Amino acid sequence: MAAGGGALAAIGAVLVLAAAAVLWWRWRWRWRAGDGEGRVCVAVLGDLGRSPRMQYHALSLARHGRGVSLLGYLQTRPHGDVLGSDRIRVVPLSDLRWLRVGPKILQYVVKVIAQAIQLLYTMLKMERPSYILLQNPPGLPSIAVAWVTCLIWRSKLIIDWHNYGYTIMSLNHGINHPLVRIAKWYEKLFGRLSDYNMCVTNAMKEDLWVNCKIKAVTLYDRPASYFKETPLELQHQLYMKLAKDYEPFKAQYITESVSSNAERSAFTEMDKKNGHVVKNRGRPALLISSTSWTEDEDFSVLLKALEDYEQYINEGIKLPALVCVITGKGPLKEYYNGLIKKLHFRHIQICTPWLEAEDYPLLLGSADLGVCLHKSSSGLDLPMKVVDMFGCCLPVCAIYFECLHELVKHDENGLIFRDSSELAEQLKMLFLEFPTLEGKLHNFRKNLCASKQLRWDESWDQTVLPLFMQNE
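Residues numbered from 1 in each chain as written. Predicted model: local features only at pLDDT ≥ 70, side-chain atom pairs only at ≥ 80, totals over all residues. Heavy atoms only, no water.

Aromatic rings considered in pairs are described by the distance between their centres and by the relative angle of their planes. Under the defined criterion, the tally for this structure stands at 18 aromatic pairs. With a centroid separation of 6.0 Å and 70° between ring planes, the pair formed by Trp147 and Phe190 is classed as edge-to-face. Highlighted residues: Trp147 in helix H5 (residues 142-153) and Phe190 in helix H7 (residues 178-191), separated in sequence by 43 residues. Considering the side-chain rings of Tyr239 and Phe267, the 4.7 Å spacing of their centres and the 40° angle between planes classify their relative orientation as tilted. Pair noted here: Tyr239 is in helix H9 (residues 232-243) and Phe267 is in the loop between strand E8 (262-264) and strand E9 (268-271), with a separation of 28 residues, a long-range link. Of the residues examined, Tyr239 reaches a relative accessible area of 2% and is grouped as buried. Its relative accessible area of 3% is what places Phe267 among the buried residues. A network of ring pairs unites the aromatic residues Trp293, Phe299, Tyr335 and Tyr336 as a single cluster. Above the plane of the ring of Trp209 lies Lys213, whose end atom (NZ or CZ) is 6.0 Å from the centre. (Phe/Tyr/Trp six-rings, centres within 6.5 Å; stacked < 30°, edge-to-face > 60°. Helix = DSSP H or I, 4+ residues; strand = E, 2+ residues; numbered from the N terminus. Buried < 20%, exposed > 50% of the residue type's maximum accessible area, 1.4 Å probe, protein only. Lys NZ or Arg CZ within 6 Å of the ring centre and 35° of its normal.)

What follows deals with the nonpolar core. Phe249 and Leu363 are the most contacted members of the largest nonpolar core, which totals 63 residues. Setting aside chain neighbours within four positions, we find Leu363 in contact with Leu238, Tyr239, Leu242, Phe249, Leu286, Ile288, Val325 and Leu355. By size, the runner-up hydrophobic cluster in this structure holds 46 residues, among which are Ala116, Leu140, Ala144 and Trp161. (Core = buried A, V, L, I, M, F, W, Y, C linked by side-chain atoms within 4.5 Å. Contact = heavy atoms within 4.5 Å.)

A few words now on the sheet that holds strand E6 (residues 196-199). Read from one edge of the open sheet, 7 strands run E3-E2-E1-E4-E5-E6-E7, paired in parallel fashion. Because the sheet does not close on itself, it has two edges, and the strands there are strand E3 (88-93) and strand E7 (217-218). In terms of strand pairing, strand E5 (residues 156-161) meets E6 through 4 bridges, oriented parallel. Bridge assignment links Ile158 to a residue of E6, and that residue is Tyr196. Along the sheet face, helix H4 (residues 104-125) touches strand E1 (40-47), strand E2 (68-73), E3 and strand E4 (131-136) and points at about 160° away from the line of E2. (Pairing = 2+ DSSP bridges. Axes fitted to C-alpha atoms, helices over the stretch in contact; angles between N-to-C directions.)

Glancing now at the confidence of the model for the chain. Within the chain, residue pLDDT values average 88, and 89% of them lie at 70 or more. Segment residues 1-10: pLDDT under 50, and 13 contacts once partners within four positions in sequence are set aside and those in other chains are kept. Segment residues 29-34 is flagged for pLDDT under 50; beyond a separation of four residues in sequence, or across chains, it makes 8 contacts in the model. (pLDDT = per-residue confidence, 0-100.)

Before going further, it helps to spend a moment on helix H15 (residues 439-450). With 12 residues, H15 extends 17 Å between its outermost C-alpha atoms, agreeing within 8% with the 16 Å of an ideal straight helix rising 1.5 Å per residue. Buried residues of H15: Leu441, Phe444, Arg445 and Leu448, and no others. The buried side chains of H15 occupy one side of the element, clustering within an arc of 95° when seen end-on. One or two steps after H15, the chain reaches Lys452, where phi turns positive at roughly 45°. (Expected span 1.5 Å × (residues − 1). Arc of directions from axis to C-beta.)

Laid out in C-alpha cells, this is it:
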C-alpha cells in the first residue's frame, strides 16, 4: 500500500498547489477575464502528432471561425492542415523525459507533480479560452488541472472520453493494484466536475452514466476527408518514395513488364514515355496494420498467422506473396522488431515504418487488406485505425472485443477473428486467386464504397457544434 499512499499524497499535493494557485491567479488575471471570447483550448497530455481526433477537433473549430490553442507534446509533426491554419496556434509542452530516474513509483509521483505544475502554468499563460476541450486518457493530472484552470478563467470544461485511463494502467499493474484503484477513483471524481462530455461509443456513453453518473454524447470516430481510395498514379509515386528506404517496396516480384522503358515498384510500373501507370502482374498483396505498439495490441497474433500463411504457400495453395506494413511508434516496437528479425519467410516481407501524416492515408488507400489487433482495455472504445481504413474503402480483419460490432460488421465490411489460426484462415480465404475482382475481398470493398459513410465534418457539426452554441 506504500505505492498507493505515495500516489495519493502526490495527488493531494497537486490539489493543494492548485487551490493556492486559484486565489493568486484569480486576482492576477481578473482584468483579462473578458478576453478570448469563443476561443477554445484543445488539450491532450500526449503527442499531438499521434492524436488525430484532437487535431480534427481543432480543424473543425477553426472551420467555424474559432480561435484554437492546440496544446500537447510535439514529438511528431501534426498534419499539415493543422500547421497551415491561421486560426490554430500550437502550444507545445516540454518533454519531461529527464524525470525518469530512480524507482518507478518515485518516477511516477514526480512526473505527476511536474506535469501538473507545467500544465497549469501553460494553460494560465495562454490567452483565456471560453472552453477547454480535453482528451481523456491520459487524465492524470490533466482533468484536475483543466478543471482548476476553468475555475480561474470561468471557462467550460469539455472532456472527450476515448477510454478509461485506469483500465490502461491495469494492463501493467492489474486491476486491484493501489495505483489503479486510485486512478479509477480520481477519474470518476474529476470526470463528474466537467460541464460537458463526449465519448467514442454508445457502450461507453452508457457506462459513463451507469457507473459514473456522467452524461455524455457519442461522437463516433469518423474518417477525415483525405482518407479515400488512392489514385493509381499517386500509389506509384508513394511506392517509389517508400522504396528509397524500405526494401519490400522495391521492384523484386516482377515477372512480366508491359514496357521496357518503365519505372517499377513492387506493385506498379509507369511508362516513362507517357506517364501511364499499371499494376504489376504477379504483384504481392499489400497488408497493412497500424499501432501504437502498446500492451493492448498483441502482434504475436499476426506474426503467427503469417507463419501459417507461409506454410499454406509451401503446401501448394495458390496464394500471393505478401508485403506486410505495420506503421506507428510506441514502447514495444523494438521488442516486436526483434521477433520479426527471427522470422525467415520466403514469400512474406514485413516492414515497420513511421509514415508522414500526409502519406499514411495514401498508403491505406493503396492497400489490399487491413488488420487490426486493438483490444480495448475497457471493452468500450473503438480503434480509429479501422475508421480510417473504412474511409479508404479498405476491408479489415479485426480481433474481437465486446463493442467491436458498433464498427465492424462481420462478413459485410470485414471479418472478425479471435486468434491467430482464425486470422490465418481468413487471410487464405480472402487472398485465394488474388488479384481477381471476385470473392469476398472485392465484395467487402464494394460494400464500403457504396455505404456513403458519414465523414468527420458532418458528424462533428451534428454532435459537437451544439455544445459550443448553446451558451452563446
